[in-house]
Amino acid sequence: METLRTPDERFADLPDFPYPPRYVEVDDLDGGSLRIAYVEEGSADGETVLLLHGEPSWSFLYRQMIPVLAAAGLRVVVPDLVGFGRSDKPARQSDYSYARHVGWLRQALFDRLDLREVTLVCQDWGGLLGLRLVAEHPDRFTRVVAANTGLPTGDHPMSEAFLTWQRFAATAERFDAGRVVQNGTLTDLPADVVAAYDAPFPDDSYKAGARVFPSLVPTRADDPASVANRAAWEVLTGFDKPFLTAFSDGDPITGGGDRVFQKRIPGADGMPHTTLAGGGHFLQEDVGPALARVVVDLIAATP
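Parameters at a glance
- Residues numbered from 1 in each chain as written.
- Predicted model: local features only at pLDDT ≥ 70, side-chain atom pairs only at ≥ 80, totals over all residues.
- Heavy atoms only, no water.
- Helix = DSSP H or I, 4+ residues; strand = E, 2+ residues; numbered from the N terminus.
- Rg over C-alpha atoms; globule rule 2.2 N^0.38 Å.
- Buried < 20%, exposed > 50% of the residue type's maximum accessible area, 1.4 Å probe, protein only.
- Contact = heavy atoms within 4.5 Å.
- Areas by Shrake-Rupley, 256 points an atom, 1.4 Å probe, with all protein chains shown as cover.
- Lys, Arg positive; Asp, Glu negative; His and termini not counted.
- Charge placed at Lys NZ, Arg CZ, Asp CG, Glu CD.
- Pairing = 2+ DSSP bridges.
- Right-handed = clockwise from strand over helix to strand, strands pointing away.

Peer 1: Just to check I follow, could you spell out the overall build of the protein for this structure?
Peer 2: Looking only at helices and strands, the protein has 10 helices and 10 strands in total. For the protein, whose C-alpha radius of gyration is 18 Å, the value lies close to the compact-globule estimate of 19 Å for 303 residues. In terms of principal-axis extent, the alpha carbons of the protein reach across some 45 × 45 × 40 Å. Residue burial in the protein is summarised as follows: out of 303 residues, 58% are buried. Sequence separation of at least 24 residues holds for 77% of the intrachain contacts in the protein that already meet a minimum separation of 6. Roughly 11900 Å² of accessible area belongs to the protein as shown, and the carbon and sulfur atoms make up 50% of that amount. If you average the places of the 28 positive and of the 43 negative side-chain charges in the protein, the two averages end up 2 Å apart.

Peer 1: Just to check I follow, could you spell out the pairing of strand S5 (residues 75-79) for this structure?
Peer 2: S5 sits mainly inside the fold: five of its five residues count as buried. Here S5 shows a buried face lined by Arg75, Val77 and Pro79 and a second buried face lined by Val76 and Val78. When strand S3 (residues 33-42) meets S5, the two strands line up antiparallel, connected through five bridges. Its bridge partner lying in S5, glycine 42 is registered against arginine 75.

Peer 1: Is there a simple way to explain the pairing of strand S9 (residues 243-248) in this structure?
Peer 2: The side chains of a regular strand alternate, residue by residue, between the two faces of the sheet. Most of S9 is tucked away, with six of its six residues classed as buried. Judged from the three bridges that link them, strand S8 (residues 141-146) and S9 form a sheet pairing that is parallel. Looking across to S9, one finds that alanine 146 is bridged to threonine 245. The parallel pair S9 and strand S10 (residues 274-276) is bridged by helix H9 (residues 257-264), and the resulting crossover is right-handed.

Put into structure tokens, the structure is as follows:
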């Protein structure tokens, strides 16, 4: 597997993101290895909060939440998915699959970092991957906060907004991550923040993962990931640990998905589900501190 590694100088002087990267090596499942980057902040003895980003962002997306969580005495772990951020980037779109992403993340979080008693916070693909891990390793998790995400099986129609995005990612002549994130927020992002989302991708050769990710979402019942996602739902419909939804009120992609979790997952019963006003798809940019406080309050209320 041919891989690319973004030069470190691309990440110089990131706004409000002083956190040094750490790295683990995982089997690329093709005879080689991949380096996965992550940030770890807060108290080493605190409860572990795992923040999983989606497409086409990276751990930088959580920069407004990390200080709030760390100040509450929590251990905050924020990985960059393979193909994103400071993590290695397989060069061909065919190198990426839903199953491989689950496997890479499982190795990094459990085999290398040995995370346990985790509170998962997941948005976008962070949920598609993180909820698979919850279903396959429920003993590793204590709580879940789902924000603007889902776990599709291809058995139900996706929103037209998502299908439009899927077509754009596959066919658009230009694919600028910073512009994509800006289009998914309700606030105007400063130029240096937009540039930080573009930083992992010096040129188009680094964007294979970002380009292909939307097409890996199951939109048909016979999608390669559908069987595994259905199996995950079988487990989640018996998951009785605290499960909180904290969606925003301005996301055309995942709007209404919170009700599916609330209806189907036992751990969601009686939880203080919230809708965060003023947030777009990337609600971490619009209402990040408010989402972080939701997480802190949940952990305090469910020891």
